[in-house]
Every structure is written in structure tokens, then in C-alpha cells.
Amino acid sequence: MRAAPLGEERFSPQFMVPVLPRGPQEIEMNSAVSYSLLPGPGYELFTIDSHTGQISTSTRLDREIQSSFTLRVQAEDSGTPSLSSTATVLCSVLDDNDNAPEFFQSDLHLVIPENLPPGVIHIFQASDVDNGLNGTIHYFIEDDEEYFSIDAVTGAVSTTRILDREERSNYSLLITAADHGHPPLSSTALLHITLSDENDNSPSFARKSYRSSISEGLPAGSEILHLIAWDPDEGPNGAVTFSLDEENSGNFYVDGSTGVIRLTKPLDRETRSQHVFRAVATDSCSQGPRSSVATVTIQVEDINDNPPVCINKPMRVSVSSVTTRPSRPIVMVTAQDPDQGDNGTVVFSLAEEDEMFQVDKSGAVRLKAPLNNEVYGTKLLRIRAADLGRPSLTSSCLLLIQLNSEEPPLQFTEELYEVTMPENSKTGSWVANVVAHDQTADEGMIKYSIFSGNENEAFTINPITGDITVREQRLMDFEVQRKIYLVVLAENGHQTAYTRVAVNLQDINDNTPVFKQSYYRTAVWEGQIHNTYVMQVLATDSDSGVNGQISYYIVDGNHNNAFVIDSVRGILATNAVLDREIVSSYKLILQAKDMGSPPLTGTCTIRVQVVDVNDNSPTIPSSEPVTIAENLPVGYIVTQVTANDVDLSPSATYRIIEKNQTSRSFSIDQYSGVITTTKSLDYEDQAVYTLRVEASDSVHQTEAELSIQVLDVNDNPPVFSQESYKVVLLEQTLEDSFVVTVSATDKDSGQNGRISYRLLSSPVRGFYIDPDNGSVFTNKPLNCVANGNMLRLLVEAHDSGDPSLFSVTSVDIEVVDFNNNAPLFTLNSYEVSVPEDVSVGSTLLTLLAEDKDYSNKNTHLEYAIISGNDQRRFCLEVVSLPGEAQSRTVGQIVLCDTLNREATDTYSLTVTVTDRGTPPLNTSAVVSVKVLDINDNAPVFSSPEYHAQVTENSPLGTALVHVFAYDPDLGANGTVTYNIISGNSRGLFRVDSATGILEVNGTLDYEKDTKFTLTVQASDSNPSDKKVSFAVVYIIVQDENDNSPFFMFPTYNCSVPENLPAFTHVCTVHAVDEDAGTFGLLTYSILNPCFVDYDSSNPDKKEAFGIDPLTGDIHTKQTFDYEGESEFCFVVEVHDKGDQVATLRVRIEIEGIDEFSPIFTQNVYHFSLPTNVKVGQSIGQLMAMDHDGGLDGLVEYSLINPSQFFSVNKTTGYLYISNSVYQRRSPISNETIEDLIVLASSPKLDSKTSTCHVVVNISSSAKALTSVDLNVHIASLTVSLIVFLLLIISFIYIVLRYRFKEKTVKTAASLSANLNHESDSLETTDENLHSSGINLQDLQEPFNMWGRMDIPNTSRNSNSKTSSGRGSTEEETTEDQEIKMINKFACFKQLSSVTAQQAPSRVSDSGIPGDSDQLSFHSVDEDPSSSSNIGIVQIVDMPSSESLHNFKDEGGGEGMLPQVVNMKEVEEVMRRCMSMYDDQGLVEGSLTNLISCEEQLHGSYSWDYFLNWQPRFQSLASVFTDIGMLPDEGMRARDVQPETQSLLRPPPLITAVAQPGIRAVPPRMPYRKSPLVRLPTYNKTHTRNTELTHSAMTPSFSPSLSVLTIRTPSSSPVVSETGLGSYTKIATLPRDILDEAEIQV
């Protein structure tokens, strides 16, 4: 029967076909049919259902290995004895597309020549072992390649166009072979195509023509230009060599490889100014080189290498006093210069000045004056001809002038001497003799000389005899100059004569022939006829005549006389038929020989390349037969045919000449000659193939035979004569009994066809087989082997091939049975595991026993439980199951009652099995039942709560507590895992999921958390029914010292006054420790001084301060003296209880107090007034000493009672005359003595003072009546009257305003607050002030600034020290120069020295006032609208008056002045005082506008005290502060609160000259508001300039020198004698800016 087709690659089981028995159906047990497969080829790949007969595959089938199977099926009933029959099933395997096409060569490299016409270049072959459409292959190229195509069926790859290697040299094609299956399978192969080069490109020059200009003076070997040519071909086809064509001058040669053209000899522009020739670039192809040509033009540039040459040399002319005029030219001298331009332009001049003649540049010779009749003789003029080149070349022209005479008396015997002599005559050779005679009566001594023609000094002449000889042999060269003309002069002192000597040189053979090129390269085709032109060479010889006639010869390299040369013309031609295959090139040595005696020769080399011609056929060498195995895949490389061709023609192409169908089994690659298979070969079909291969070089063809022998492959298995064999034997058959003989055959030959037999299966090794003839015998008695009524042997027949092939058949032996075997359980003991919750009635185990007997009676079995079932929990049921041959019984153990593992976990049952034979046989087995656990119990913690303590900063992994839970279940049900489910949001703890150990998992911080409450969950490991329980863990965190104390700042500054008792509190330092508890308690101590060598010798300094260890309060331990020590620095250490430490640097300044009063050097000073004294003259100096330090130690001088005549300088103590001194008269007596009381004090308020008595004798002064005229008295009276009227008006005004006093005070306070924050412009300020109705009188009472009052120290923490002053009489400085400039303005003598009053405040040690926090930055341009808050003084014009007396030196008293103002007088004074000389520039805002000429003479505090401050500058602010502190005897101190005091912002520093290295740092002082103050100023309305420009400072001002520059008023606060004042608002800087302000110098 035939089964339905089966698809391959299917897995078992698969239904194929049912097999049904034929014949009558039997009943009962005999009718149970069982099916089996009989052994045969491939039967092991299938299985059959023994009951239904369905055949299925047991493994994966592969159609490509075996496409069909023949199966034998046996059907057997259950009778005893059983009956059977067989059937044959033919199974065909349908193809699946499970094999992709395969290329034999997946990566192929192909070399083809370029320029091939489009056509096939290679055939790809792929094979697919599938069948039908699955094995049908089509080809395509993956990339869209425009140059190639492929035949989809044959796989032939073709070019679509001619390929050019220079365009692209390599191609890579991805060839895909795909089948037509569903889905299609494919594979790829990579084809690399390389194009071999053909000489199809000529060399190409970079330019079509080359042009170069060179100087004619270049030496030989100089590079002229560089030829560049390239050839896109490769190899020799692209190697370019250069040569020159049509260059016959021999002046140039080219380097063949580099293309550099060089000179062979110097050029002469005068001979040839342009050279044109061709440059040839030739490639090195041996099959016909290609070349290209470029034109080369060499332009020769002129150099001045030729001197002028006189045309007529010498010249003779006669002049007469009668006919020759001075204005007319006597003769025109001419000369030639072959050079160009200036190099060839000739000018003439006399070599030596002549008294009678002159010559101009054009060569015209003239008389300077009329010729005297009495002048006779010959005049010789040497005229210099010079060109205009650089350098200029000159030559001399000779002019003989006959003066008033017709015939010269001195003449040579010949006008021309001609001489002939050979060139290169030896030195000293005689040339000629010249003779001159004097025709006058008295002959003198005649001297001879060569005038011209001997520039190279080749000749010399005897001046006495006139013999001319050769001086230098080498200078006589026929090739350079064939004829030499010498001009010889004869002179006797009165007359001069000349003659010419012509020396004709005879040529000798002294120059060798020279070829135009030393190396030639040419080519000639092979196979040419005799006398074929090759090339022509040319040689030159500088000699003449026969010495210059050249003959040409081949002297070397002419093998076999292949070439001949024309001896006259130099034409090289072939002398034989050349064959490149014999000699590919010739190197000929040519010789050029002249006809001289002896002859001279020159040589050159010619490389003649023989160009190949395709004149030889390719040949295929004979080869041995090629042997290949059969069944090789398609595309297998069999061999490669290589043809040899002695020509250089392109590679040969190959093809197979078809004679029959057998040759189609192979193909050959037309370019490589590789032969491959096109289909599988079969040795059994054909063993030998003969191929006819043709090789062609495109012109010639040749053929050769190739024999291919196919080797046999073991591809046929043995085949048995029968499909199976059947034998019937008795169970008691003995050993070595013959059973049956099997036989098989094999179509292969040799060892592949020799068959051997063997048994694949033999029950209990009861049989054996003869390996040669296939006879089977028993090896044991049959009853020891048979285990049923049927035995089956598998017999294998295999050949001797490699690998060996085989086939299998079966031998069925039927055996008769009897009951000689007891039934046996499959196992001696059984173990079964059941869960404790298994339901009652469940089958726990099926028991199976086997009986080796095979009859129904002997194999029927029964089961029973005989022990171990006391609780009747188990039952045993017997069940009959159908078998393959017959039914069989099994025993099933069933659960009859519930189980509890926790009560009983195992049971042991004994079961038996018994057959029904005669006698019956039985056996027993033990069944162990193990009860499996289920998850029916939850974990239980050992305690519901756990407590633990841990210190902070405990390392990770520190164990805290062990939580434990118990679960009575087993395995995963009883395996407890732990995890934290709450209280651990930050992950600071972790619990070991297996052990329950709770550990630290993060950094604990007692300062953040002191305790934790964690909930721990215990769960079993059942994945589906997990049971859990919970416990709580309380954790207490204990503190550790994990934070170090620290100070907020690295340095702390404080101060303490001197002379305070010990244990005075200084300041308090404070450190921070983030620890809590005891570790946060800190202890302070003083560690050591700031510096190692900090006055270690002074023990008191080390123990100067103490510190409270708990509070950090620093106190003194001794009394300090500012004069002894003013600064201390030490390190404070703080440590906590855990020994963590931090340090702080503390710097303490000792503040000085005024302890000592100034001491005058004398109690009484006596001074006498000199005669003719002038105002401003010093009459003496007072001196006082103060032992205090700092500002307290500075001494200021003042008069207690003002003097009418004298004043004292505040800083220097000089007493000077302030007004004219006269003796005052009284009715009693004349006063000739002035008594003065001088006060000495420091600049600070409430300083200690002392006085001295000064007696001045003024007896030398004039009397009062005679010294003061009437006008002075009238002026004094007028002034007194005006003052009196002003006082009355002021008094009335004050009374009227008194009733508004309370309202005025409130308004002033409000205005002060507003002004501190005002940011509007000056005009806005004016409007606000006027609109508010407040004027000067409103603020008179509450703002009296002239009394002394105690001001708190605002610079307590200043870090600067007070500097000491220096006298104002030291060497002149830049500041003194500025003072001298002020002296130039005499008009200022009308004004007094003016200073402003400043509110009392402490001046810091740096010289900056106490409120210097309110500073500004350096000079920058700011918006005027936004500058009102940057510390600039704003001026508001209001009428006022001041007294000259109150503002002269001591200051003060402004508040008491009357309020009358003469505006016209003020304007006049301002106009005259502000006028400056033309050469002076007024610097607005400079202090030079504040000081009058008079005050400069006298000296003032504002000058001397500031300028003499050393070693650091004291800002001018402190100067004005100290001026304001001076006592005013006429003023009464008033009680004014410090908060209402105002600080006057004085003008900037006098000068910008600072001491090198000075650094002025403004102290940080308490922020204070600046109320209104009163400043003396001009009554001048103008737009306020808030920008700090150079107009606000002195010419050399440095904006970083003073912190006060931006507070300078925009108008100089100068007060005239009439007095004028105004209110001034001082705006302040923001506090954050002031804190960061710092002035760098």
C-alpha cells in the first residue's frame, strides 16, 4: 500500500496512515491485533501505534538525505500461538524549502582589463538541494550597480558599459542567489572586480606651455623651471619621463625623472635672447609608450655684461685757430653697447680734465676757448665711454687732435700691422714689433703702450723696443675671439702717435665634440624591416674646419649589430629585424669623433626600448589528468588552465569548445581559466571526461585537451535480497544451532562494494552471525534467550567504503513458551510522596509487575497489601489495561482516609503480585508513602517586641538585635524571611532576610533622630499562599562626638583702651558645635601667639590676656600702655568633650589715651621784630613735646588771645606777622612789647594742654599816627558801622523767629532724614528746600557746630596705627610744587584761608574720619541722576555771611555772623579771584582753590600737618576734623546730641603723590546718618556735576589715594571777606557698599 505524501522536517509523533488487517475478524482476546514495524532501511525514523496501526515519524526527516522510505508493517493477533501478516508502506517525503542556495565561492576576486566591450565577465553558480520551486534559483545584484548586470537564470555577470580604470579601479558586487520557495531563502557572494591597467592615457602637462625669464648671467646647472606632468595610468604605464625636443643649442637639459630643466652653460642674451623648444613627457609602457608635448619659452633677461666699444678707435682730427670755433663740435665720439636699456646707454666724459677741450655726454668734443695760433703739436684725449648699468662698465676711446699743423711729426712705420699665430700660443711667444719715428730734428725717447684691445691682458708690449709678446697662453682662444685688434700708442713727451695691430688666431683641435644630450631615450616597434629610422643625434664641436667636422659611431651595446648609424648625419636605424621577446631594450654608446689631429671624441648613451607587437600565439602547457570525486557540489573548482604568451599583450581569455553534452558538466572562467563543475558528477554514470579548452590573446588562438577522471565515492548502500526473514524454533533449542542465512549486494566497486555482516541486536547475546556469508547461529540455549514467543534479530550489511554505508534487515524467530518465570515488580521498593491535604479516593501509586513468560495464563497477575496498613488509610485496586500483544493488570494504591503530616509523616506498605501459572509464582515489594507538607501554619515571633541601642556613626553592618520567628511547616512553607515594612523610610537599617539579624544600613545622626520604631514582618516562602506575622523593634540612638566645633570667621578683631585695670572684659569669641548633649559643650583656651617669633622674649606679652573657658569672654591680665605695645595677636582654641578642636586668630589693638601734656622747651620765648619786616615773615619758632603716642602725641599750636599783628602756624609753631605792625599809642605810654599766650594741645577733643609766654619786641616798628593814613581809619570806621548794623538786623531776626523754634526743630529733623536717602538731582534738592520754607536762620540754634563735645569712638575696631607727623620745612615735594602754583594768583590775598567745620568724630589710625564708611569708589562716570547717594556734597545756594576773622586760621564762629550780604562786592571779588593767567588751568574742586596766597606764606594745618604725615597718608578729612576741634574763645559750647552732628566732607587731597606701598583700608564703623551742616562756599549757581572726573581733583590726582574725593564740592568752598555761606547736603552710601569699600594705593 502507499501512504500519503509527508512533508519533511516534521517532528514525531505525526499521523501518517492507518494500517488495517485483512481477513476474518476473530472474537475475544484473539481478535486484539497489535502492529509493529519490521526492521528495514530508515525504519528507525518511524513509530507505529501497536493498537491503532497509525504510523508516525519519530524524528526529523530530511528529503535531501532520503526522499522515500519503504516500511514493512506486521500485524499480530493475541492468540496463542499468535498469528501475523505483513504489509509494505511506501512513504515519499515532500520537499520543504529548508535549504538556502549555496555558492561554492562566497568571496571571489576577479581581475579584468579595462576598456573591455560590454559582455560576460563571470558566471556565478549556486546550488540548492531542495526540489522543484524550492530548488529553482534566480540571481540578482543587491546594490543598484549601473555598470554591471546579472542573468537571473544563468548567473552570468556582464558589464553594461566600457569600464575605465582611471575613473574607478575597484568594484565590489554583492550577488544574491534566491530560490522560489515560500518564504524564499537566499545567500550571497561577494565579487571583487579589479580593473587591470591599459596604457590608454597619454601623459598630461600641467600647462600647455611654459614660460620663464632668466638672467643671462646664471651659472651652469641653475634650475630654470620645473615641468610637471602626470599620467593617470598605473605602474610603468603611468611612470613619466621627460625629454627635450628641438633644443639644438645645447644650452638646456632636463632631468628625466623630476622634470627639472637646468642650464648646461651660461646664456648670452646678445647672441640669442629667446629660446623656444618642446618638452616631451613619455610614459614607460613597453607595449608602445604614449607621450605629450608642451612648448617651453625661455626669455633671457639682460645683465650689464658688455662694456661700451668705441666705433672708431682711435680717432684723429685736426683743429685750426682760424677755422675751429669753440661752440661747434670738433668731432663726435661714438661707441656701441649690445646690452639693453640703461645697460646699453652710453655716456661720454674726459678721463682727465683738459684745459683746452671738453666733451659732453653725447660724445661731442668742443674747444673750451679759441685756439691760439702759436699752439702746435698733437693733443691726446682719453675719452671714457660708460654705460648706465649697475655697476657701470667703462672703456676708453682715444682721440688724437692735431693742433694748427697738417702732418704730425711722430708716426708709426705702418698704420696696420697684421700677424697670424696659432691659438693657445705659449706664454712669452713673440707676436709682432711696432716702430714709430719722430720726424723733428730732436728725437726724444719714444715709449710704447697698448691703449686698447688688450682688456684681458693676453698681450704685453716692451715700452722701449715695441715688441709685443704673449702674456697669458689660455687667453688666446680661437673659439672665443678669432681676430684681435690692438691699438698701440707711441709717445715722446710732445707728440703721440698710434697704430693698429691685427692678430689673426689659427684654430687648433682643442675642443671635443659634445652631444646635445648626454642621455637619449627612444623606442622602436619590434618586427620592423631593415634600416627603419629610430632617431637622430647631434653633436657640436667648437673647433672650425676639419677640427670641427664630426663622424658618428656605435661603440658599445649594439648586440648582434641590431643598429646602424649614419656617420655624417647621426641618424640611428635598425640593422636587423628586432624581436622584443629576445632583447627587450638596448643601451647604445654613441661616439662623436672630429677630424682633427689627433682626433677628439665625445660620447652619449641611448636607451632604445623595443615595443612589443602581438606576434606570438599563447600556448597551453600539457598537464596530467585531473582527478575529482563524484558528488561534489556545483561550482567546485576542478583546476585552473593557464596559457603562456611571450608577448606583452593583454591576458588570454579561455573557453571550452563543446563537442557533446558531457562537456556541459563543466564551465571555465574566461579571464582566470578556472574550471568549475556545473552539476553533480556520478561515477556510476560516467568516470572520465575529456574537455577541449581554447586560449586566445584576441589575435591568436590555441587549443588543448584536458582529461578529468571521476573517482568513485561510496554513495550506494548494500541491499538485502529479502526485506525480512522468518524462522520458527523451540524454546529448548541448544547453542550453536543454525538459524538462517541473509544475503546483500552493493553497486559500488572495490572496497566500496565489499560487504560484511553483523548483528545489531541479539537477545542476551544468544545469537551470532558469520560476517562474510551472513549465516546466523544460536550462541546459547534458546530458553536462556527467549522472553516471549517471538524473537527479532537485526542484521546489518555494510560496505568497506569511507565512510561506510549500511542497510538493516530483521530475522523473526518464533519460540514456544512454558511457565518458568515468576512475576516481578518493576522496582524492589517504591516511594511516593503525597501532600497532606490530598483528597480521599485519590490514586497514590500504580504498581506494575512483569512476567517473562509470554502465554496469557502465565502472564495474568493479581495484587494485594499484606502489611503496614493497620489504620486502613490505604486500599489496593486491580485494574486491567490493554497491552500491545495482550491485556495486562496493574495494582493501584488508593487513599481511603485523610492524612496529617504533623501526626504521621511516613507509611510503609508491603504488596505482593501472583501469576496464574501452574504452579503459580509470586513476589513482593515495599511501598513507602511520604506525606508532604502544605503551608497551613503561619510563622510565630519569639517576642512581639524587641529593644536595641546603637551609637550614631556606627559602621555599616553593625548588628543590633536578632528577631526570630518559628514556622512548623517544612521547606519553603517553613522557611521564614524577614523584612522591614515601616519606620525605615530613609533606609538606615536592614534586616537579614534569612537570619533575622537587624543591622545598620546607613549613617545615623543623633542630632537628627534619637530613636526609631521599626515594624518587622516574618513571612514564609510559599509563593502562592504566603503567611505572615509582625513584631515591633524599638531602637535608641546614642550620641557620639561626630561634629567638630568651628568658628564663624577665621580672624576676630577687637580693641581695648590702655591703662585699664587687669581683668577688664575685651570681647567674646563664640564657636559652634552641632553636637547635642555633653559633646556639644565647648571649652575655650588661649593656645599661642599668632606667629612663632611673636616677641617670645617678653613673658608678659604671652600672658597678656585670659579667656573664660566656658563663655569665651576674653579679658586682660595686665594693664597696657599704648606707647609700650599697641597690638596683640594670639590663637584661641576651642575643644569639645570628644577632643575635637578648632582655632581662631584674635587680634587686639590697644587704644591710646591722652596721658601727657605737651611741654614747651621754654616757658618764656623772647623775639625781636626785625627791621623792614613784611607781612607773612616768620620771626621765630615755638616747640613743644608730647610723650603720648599716635594722634595724642601730635602737637598743635594756637594763640589763646588773638593778636592784631601776629599768628602762629598750627603744625610747625612758627610765629609770623599777619598784619602790619605798628606801635599803639596811649595817653600813658607807647607800647613797644607784644605779650602773647600760646596754647599747645593735640588734635583730639579734650586733650591735655600747656601754655607758654611769648614776648615780642616791636620797638623797631613805626608809630601808629604816622603809619596809618586817614583812608585806613575811614575804612575801619565804615567796616565797624556795617558790622554793627548787621548785628542789629540779626538780633531782630532771631527774636522774630524764636516763637517758631519748636516747629523748626521738628522740621529740621525730618529734612535731615529725607536728605540721607535723597537720590534726586541738584535742581530737585533746591526745589524741595525752598518749598519747605526752611532757611539758614531756621537751623541756627539746633545746629550749632562749634562747641566741643564728647563723641563716641566710632572706629574702635580699626586695624591701622596712627602715624607720626613730620615738619613742614623738609625737602620740597610735589605737594609743595602745587602750593607754589597757588602763589602765582595774587588776587587770592584778598581772601583768607578757609576751612570747613566738621562734626567732632574720632579719626581712625589710617587717617580717615570716623564716618569714612560713607565713601565712594574710584573715579568712574556715573549717571548724574543717580549719584546723589554716593557721597557727593550737594550745594544748595542760600544767602549767608561770614567774618574773615572767624575763618582765618583757627576757624569757628560762623553761627554768630550777621546776615547782611553785599552781593555786588562778592561777585567782584569772585570775578577777580577766579581769573587765572593764560598759562594756568583751574582745576575745579582742587584744594588749590581753597588756599589763599597769604595763607600759603604763613603755613596752615591743612597743608603742613597733612603733607608731613609719615609713613602713611592722613586723609584730609581728619585735617578738617581737627580744625573743627580747635577752641573758639568767643563761642559757647552747646549741648547737642551726637546724632544731630554732621560731618563736613572736605575737598580732595592736595596731591596724588603717595608713598610707595601704602595701603589705606577704610575702617568699618557704625552707620550714621549725615544731618545738614553748613559749609562756606561761593554763591554760584551751576549744574552740579556728580561724576568724579579730573575736574574734581588736582592734575596728578590718583582716585585711589583718598576716600574723600567724591565728596568734594563741585564748587570750591572759598569764602571772601564779605562772607557767603550755603547749606550743603551730604548723601551717604548704602551700608553694603561701605562695608566692602577699600582704597588701594
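These numbers were taken from a predicted model, which means no experiment stands behind them. (Residues numbered from 1 in each chain as written. Predicted model: local features only at pLDDT ≥ 70, side-chain atom pairs only at ≥ 80, totals over all residues. Heavy atoms only, no water.)

**Student:** Let's hear about the overall build of the protein chain: which residues, and what values?
**Tutor:** Counting secondary structure elements, the protein chain contains 13 helices and 112 strands. Counting only contacts in the protein chain whose residues sit at least 6 apart along the sequence, the fraction spanning at least 24 positions is 72%. For the protein chain, the accessible surface area stands at approximately 79,700 Å², while carbon and sulfur atoms represent 51% of it. (Helix = DSSP H or I, 4+ residues; strand = E, 2+ residues; numbered from the N terminus. Contact = heavy atoms within 4.5 Å. Areas by Shrake-Rupley, 256 points an atom, 1.4 Å probe, with all protein chains shown as cover.)

**Student:** Give a detailed account of the packing of aromatic side chains, specifying residues and quantitative values.
**Tutor:** Using the criterion set out here, one finds 30 aromatic pairs in the structure. Aromatic side chains Phe 1105 and Phe 1130 sit 5.6 Å apart centroid to centroid with 35 degrees between the ring planes, which places their arrangement in the tilted category. Here Phe 1105, found in strand E91 (residues 1105-1107), pairs with Phe 1130, found in strand E93 (residues 1127-1136); they are 25 residues apart in sequence, far enough to count as distant. Ring centres 6.4 Å apart and planes at 85 degrees place the aromatic pair Phe 1205 and Phe 1206 in the edge-to-face group. (Phe/Tyr/Trp six-rings, centres within 6.5 Å; stacked < 30°, edge-to-face > 60°.)

**Student:** Describe the pattern of salt bridges, with residues and values.
**Tutor:** Summed over all chains, the structure comprises 33 salt bridges. Notably, a salt bridge pairs Glu 246 with Arg 278, separated by 3.6 Å at the nearest N-O pair. A residue pair is termed long-range when its members are at least 10 positions apart, and Glu 246 in the loop between strand E20 (240-245) and strand E21 (252-254) and Arg 278 in strand E23 (residues 274-283) qualify at 32 residues. What makes Glu 246 partly exposed here is its relative accessible area of 48%. When the shortest N-O distance is used, the salt bridge between Asp 302 and Arg 269 registers 3.1 Å. Note that Asp 302 is positioned in the loop between strand E24 (291-301) and strand E25 (309-310) and Arg 269 in the loop between strand E22 (260-263) and E23, a separation of 33 residues in sequence. Arg 269 carries the same exposure label as Asp 302, and that label is buried. One continuous salt-bridge network, built from bridges that share partners, spans Arg 165, Glu 166, Asp 197 and Glu 234. (Salt bridge = Lys/Arg side-chain N within 4 Å of Asp/Glu carboxyl O. Buried < 20%, exposed > 50% of the residue type's maximum accessible area, 1.4 Å probe, protein only.)

**Student:** Summarise a nonpolar patch on the surface; cite the residues concerned and give the values.
**Tutor:** Together, Leu 1281, Phe 1284, Leu 1285, Ile 1288, Phe 1291, Ile 1292, Val 1295 and Leu 1296 line one region of the surface with nonpolar side chains, adding up to about 790 Å² of accessible area. Note that Leu 1285 resides in helix H5 (residues 1270-1298). (Patch = residues over 30% accessible without salt bridge, like charges linked within 9 Å, V, L, I, M, F, W, Y side chains within 5 Å.)

**Student:** Now, about the nonpolar core: what can you tell me, with residues and values included?
**Tutor:** Phe 412, Val 431, Val 434, Phe 459 and Ile 468 are the most contacted members of the largest nonpolar core, which has 27 residues in total. Broken down by secondary-structure element, the contributors of at least two residues to this core are strand E34 (410-412), strand E35 (416-422), strand E36 (430-433), strand E38 (447-452), strand E39 (459-461), strand E40 (467-470), strand E41 (483-491) and strand E42 (496-506). Discounting chain neighbours no more than four positions away, the residues touching Phe 412 are Tyr 417, Val 434, Val 435, Ala 436, Tyr 448, Val 488, Leu 489, Ala 490, Ala 497, Tyr 498 and Thr 499. (Core = buried A, V, L, I, M, F, W, Y, C linked by side-chain atoms within 4.5 Å.)

**Student:** I'd like a rundown of the state of the cysteines, residues and numbers included.
**Tutor:** Following the criterion strictly, the structure yields three disulfides and no others. One disulfide bridge connects Cys 310 with Cys 397, the sulfur atoms lying 1.3 Å from each other. For the disulfide bridge between Cys 310 and Cys 397, the dihedral angle about the S-S bond is near -80 degrees, and by the sign convention the bridge is left-handed. Taken together, the positions of Cys 310 in strand E25 and Cys 397 in strand E33 (residues 394-403) put the pair 87 residues apart, joining distant regions of the chain. A relative accessible area of 7% places Cys 310 in the buried class. The disulfide partner of Cys 875 is Cys 896, and the gap between their sulfur atoms is 1.9 Å. Here Cys 875 is found in strand E73 (residues 874-881), whereas its partner Cys 896 is found in the loop between strand E74 (888-895) and strand E75 (906-915), with 21 residues between them in sequence. Sequence-ordered numbering of the bonded cysteines in the protein chain yields a pairing of 1-2, 3-4, 5-6. (Disulfide = S-S within 2.5 Å.)

**Student:** Account for the environment of Gly 557, with residues named and values stated.
**Tutor:** Secondary-structure assignment places Gly 557 in the loop between strand E47 (550-556) and strand E48 (563-565). Sequence-wise, Gly 557 and Thr 605 are 48 residues apart; in three dimensions their C-alpha atoms are separated by 9.5 Å.

**Student:** Give me the environment of Tyr 35: which residues, what numbers.
**Tutor:** Position of Tyr 35 among the secondary structure elements: in strand E2 (residues 34-38). Take Tyr 35: its relative accessible area is 8%, and that puts it in the buried class. Remark: the alpha-carbon pair of Tyr 35 and His 51, spanning 16 residues in sequence, is separated by 6.4 Å.

**Student:** Let's hear about the sheet that holds E91: which residues, and what values?
**Tutor:** Note on sheets: strands pair through backbone hydrogen bonds, and any given pair is parallel or antiparallel. A sheet is described by the order of its strands in space; here three strands give the open sequence E88-E92-E91, paired in antiparallel fashion. In the strand order of this sheet, the two ends are held by strand E88 (1065-1068) and E91, each with one partner. Averaged over all pairs of adjacent strands, the angle between their axes in this sheet comes to 25 degrees, without regard to strand direction. In this structure, E91 lies alongside strand E92 (residues 1113-1116), joined through three bridges in antiparallel fashion. Following the sheet pairing, Gly 1106 is matched in E92 by His 1115. (Pairing = 2+ DSSP bridges. Axes fitted to C-alpha atoms, helices over the stretch in contact; angles between N-to-C directions.)

**Student:** Run through the confidence of the model for the protein chain, naming residues and quoting values.
**Tutor:** When pLDDT is averaged along the protein chain, the result is 76; 74% of the residues meet or exceed 70. In the model, residues 10-15 has pLDDT below 50 throughout and makes 19 contacts with residues more than four positions away in sequence or in other chains. Under a pLDDT of 50 for its full length, residues 1528-1641 has, in the predicted model, 399 contacts with residues more than four places off or in other chains. (pLDDT = per-residue confidence, 0-100.)

**Student:** For the sheet that holds strand E57 (residues 688-696), give the residues involved together with the corresponding values.
**Tutor:** One open sheet accounts for four strands, arranged E52-E58-E57-E54; its pairing is mixed. Every other strand in the sheet has two partners, leaving strand E52 (626-629) and strand E54 (653-657) as the edge strands with one partner each. On average, adjacent strands in this sheet sit at an angle of 35 degrees to one another, irrespective of strand direction. In terms of strand pairing, E54 meets E57 through five bridges, oriented antiparallel. For Ile 657, the partnering residue across the bridge sits in E57 and is Arg 692.

**Student:** An account of unusual backbone geometry is needed here, citing residue identities and associated values.
**Tutor:** Going from Arg 390 to Pro 391, the amide bond is cis rather than trans, its omega being 0 degrees. Assignment of secondary structure puts Pro 391 in the loop between strand E32 (377-387) and E33. The omega torsion of the bond from Ser 597 to Pro 598 falls at -5 degrees, within 30 degrees of zero and hence cis. Within the fold, Pro 598 resides in the loop between strand E50 (585-594) and strand E51 (601-611).

**Student:** So, the side chain of Ser 1218: which residues are in play, and what are the values?
**Tutor:** Mapping Ser 1218 onto the fold places it in the loop between strand E101 (1214-1217) and strand E102 (1222-1223). Within polar-contact distance, the side chain of Ser 1218 engages the backbone nitrogen of Phe 1206 at 3.5 Å. (Polar contact = N/O pair within 3.5 Å; in protein donor to acceptor, adjacent residues only side chain to side chain.)

**Student:** Explain the side chain of Glu 247 residue by residue, including any values.
**Tutor:** Relative to the helices and strands, Glu 247 resides in the loop between E20 and E21. Salt bridges are absent for the buried Glu 247, whose nearest opposite-charge side chain, Arg 272, sits at 5.5 Å. Here the side chain of Glu 247 touches Phe 252 through a polar contact of 3.5 Å, landing on its backbone nitrogen. (Lys, Arg positive; Asp, Glu negative; His and termini not counted.)

**Student:** Give a description of the environment of Leu 791 that names residues and reports values.
**Tutor:** Position of Leu 791 relative to the elements: it lies in strand E66 (residues 790-799). Sequence separation of Leu 791 and Asp 812 is 21 residues, and the distance between their C-alpha atoms is 5.6 Å.

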